[in-house]
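Below are the chains, spelled out letter by letter.
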Amino acid sequence: MNNEIKNSQGRRDRRAMRNRKHAHGTSAKPRLCVIKSNCHIQAQLIDDDAGKTLGSAATFSKKFRGTEFAKKNKASARKLGETIAEIAKSKSIKEVVFDRGPFKYHGILAELANAAREGGLQF
């Protein structure tokens, strides 16, 4: 059993690295990193050159706490995409590199990406 867990974690790490080796963020074109857990979604704008997070939004943040967007679903992902697009606009960022990590681009991730595109981000 323990060996199966190690193997599945190893496969997950390899999938993430396979996607991340092509995604590198700069201050002009940061990396939009999306993280999904069992209960929440988180998105960050990351400048890899400086090693800094330029902006972030999550379903567990104060803005969404106590609302219908405080859990992991497509409606929350859409709202999170709109929020991260607003944060990027306020920092005059128009283009990003999308980093989906080990997750498939469908469902919640696709909803977040489409909302961010509608909000003005290009990737």
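Everything below is about the structure printed above this text.
Only a predicted model underlies this, so the values are computations on that prediction, with no experimental measurement involved.

Caption draft 1: Geometry of the pairing of strand 1 (residues 31–36). Of the pairings in the sheet, the one linking strand 1 to strand 2 (residues 41–47) comprises 6 bridges and is antiparallel in character. Bridged to Ile35 within strand 2 is Gln42. Joining the antiparallel neighbours strand 1 and strand 2 is a turn of 4 residues. Of the pairings in the sheet, the one linking strand 1 to strand 4 (residues 97–99) comprises 3 bridges and is parallel in character. If you follow Arg31 over to strand 4, its bridge partner there is Val97.

Caption draft 2: Spotlight on the environment of Glu111. Along the chain, Glu111 turns up in helix 3 (residues 108–118). Remark: the alpha-carbon pair of Glu111 and Ala75, spanning 36 residues in sequence, is separated by 8.2 Å. With residues up to four places along the chain from it excluded, the contact list for Glu111 reads Lys74, Ala77 and Arg78.

Caption draft 3: How the structure looks around the sheet that holds strand 1. As summarised here, the arrangement of the 4 strands in space is 3-2-1-4, forming an open sheet in which the pairing is mixed. The two strands at the open ends of the sheet, each matched to only one other strand, are strand 3 (52–58) and strand 4. If you compare each strand with its neighbour and ignore which way they point, the axes differ by 20° on average. Together, strand 1, strand 2 and strand 3 form the strand contacts of helix 2 (residues 74–90), whose direction differs from that of strand 3 by roughly 145°.

Conventions we followed
- Residues numbered from 1 in each chain as written.
- Predicted model: local features only at pLDDT ≥ 70, side-chain atom pairs only at ≥ 80, totals over all residues.
- Heavy atoms only, no water.
- Pairing = 2+ DSSP bridges.
- Helix = DSSP H or I, 4+ residues; strand = E, 2+ residues; numbered from the N terminus.
- Contact = heavy atoms within 4.5 Å.
- Axes fitted to C-alpha atoms, helices over the stretch in contact; angles between N-to-C directions.

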